[in-house]
Amino acid sequence: MPSSTDTSTDASTDTPAGARPAGPDRGSGPWSRLPTWSRRAVLFAALVAIWQAYASLSGVSRFVFAGPADVAEAFARGWASGDLAVATATTMRLLLTGMGIGIALTVVLTVLATTTRVGDDVLTLLTSMINPLPSVAILPLAILWFGLTDSALVFVTANAVLWPMTVNVSMGFRTVPATVTMVGRNLGLRGWRLTRDVLMPAALPHAIAGLKTGWAFGWRTIIAAELVFGVAGAHGGLGFFINNSRYFARIPDVFAGLVTIAVIGIAFDLVFGWIERRTVTRWGMKEGAAI
């Protein structure tokens, strides 16, 4: 009669090599059988209901808290009047400019770090010193250097985007399988061509993760900088809109600005998810998880 040890051994031999043990079944139950959009719509409705219940039943003053109905009215009014649209456009312009600069510098620094020892030492030193530094902390210096202009906000945003992206992309370069690099070298690729044709495609998952992280850091930084900085030029951004509404005790407008930030964050997350599915997951560089 086979012992319990033999039984477990036989069971383990039936498992294909390299297969992972089955995890918890998330696909069971009526909730999991609903479409993704309907599950999240139900959760969103539940959150709004809790929000409304707190605003109506807690006795909180309307001078410090606004319910979803008041916020929806302020949101519609802000977009209809153009105030929220102008503020959003200003913030997005500064953010995208800073991200463009950060992406360009990321490419330069990571390529130099990959192809030269000096570049690698410089990148390691700079990331260890500057990456932990909150970008808003350098806003006073940016104001001294650039004055009360958009350039100061672009500078702190580019700084916020740059270092998370360089950390992720350089890690992607370092984790490229040695055999892939050797194949590229055997084909005569060196320097920039090796980086462009071999390392960059292989490091794409890390690059997309770095872009998502850089976007999140840049988004938080530009809003915080606008809250402190105020307005530059003719129009202020979302941070200025929120702070100005708070100053004049327009609490629904404050919440409307926060809702706008949340909606933009969701939209960008969907865009990044679509890019990841069309590239990394589709090309088999990452195992797609069932949602």
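Nonpolar side chains collect at one region of the surface, where Trp31, Leu34, Val42 and Leu43 lie side by side and expose about 360 Å² of accessible area between them. Its location among the elements puts Val42 in helix H3 (residues 36-57). Owing to a relative accessible area of 45%, Val42 belongs among the partly exposed residues under this scheme.

Between helix H5 (residues 83-115) and helix H8 (residues 150-174), the shortest axis-to-axis distance is 7 Å and the interhelical angle comes to 40 degrees. With respect to H8, the axis of H5 lies oblique. Along this stretch, H5 crosses H8, giving a crossing that reads as right-handed.

What follows deals with the pattern of salt bridges. Tallied over the entire structure, the rule returns four salt bridges. A salt bridge links Arg117 to Asp120, with the nearest nitrogen and oxygen atoms 3.4 Å apart. Of this pair, Arg117 and Asp120 both sit in helix H6 (residues 117-130), three residues apart, roughly one helical turn. Residue class for Asp120 comes out buried when judged on its relative accessible area of 15%. Shared partners join several salt bridges into a network, and the residues in it are Arg77, Arg250 and Asp253.

Procedures and definitions
Residues numbered from 1 in each chain as written. Predicted model: local features only at pLDDT ≥ 70, side-chain atom pairs only at ≥ 80, totals over all residues. Heavy atoms only, no water. Patch = residues over 30% accessible without salt bridge, like charges linked within 9 Å, V, L, I, M, F, W, Y side chains within 5 Å. Areas by Shrake-Rupley, 256 points an atom, 1.4 Å probe, with all protein chains shown as cover. Salt bridge = Lys/Arg side-chain N within 4 Å of Asp/Glu carboxyl O. Helix = DSSP H or I, 4+ residues; strand = E, 2+ residues; numbered from the N terminus. Buried < 20%, exposed > 50% of the residue type's maximum accessible area, 1.4 Å probe, protein only. Axes fitted to C-alpha atoms, helices over the stretch in contact; angles between N-to-C directions. Parallel < 35°, antiparallel > 145°, perpendicular 65-115°, else oblique. Left-handed = near helix turned anticlockwise from the far one by under 90°.

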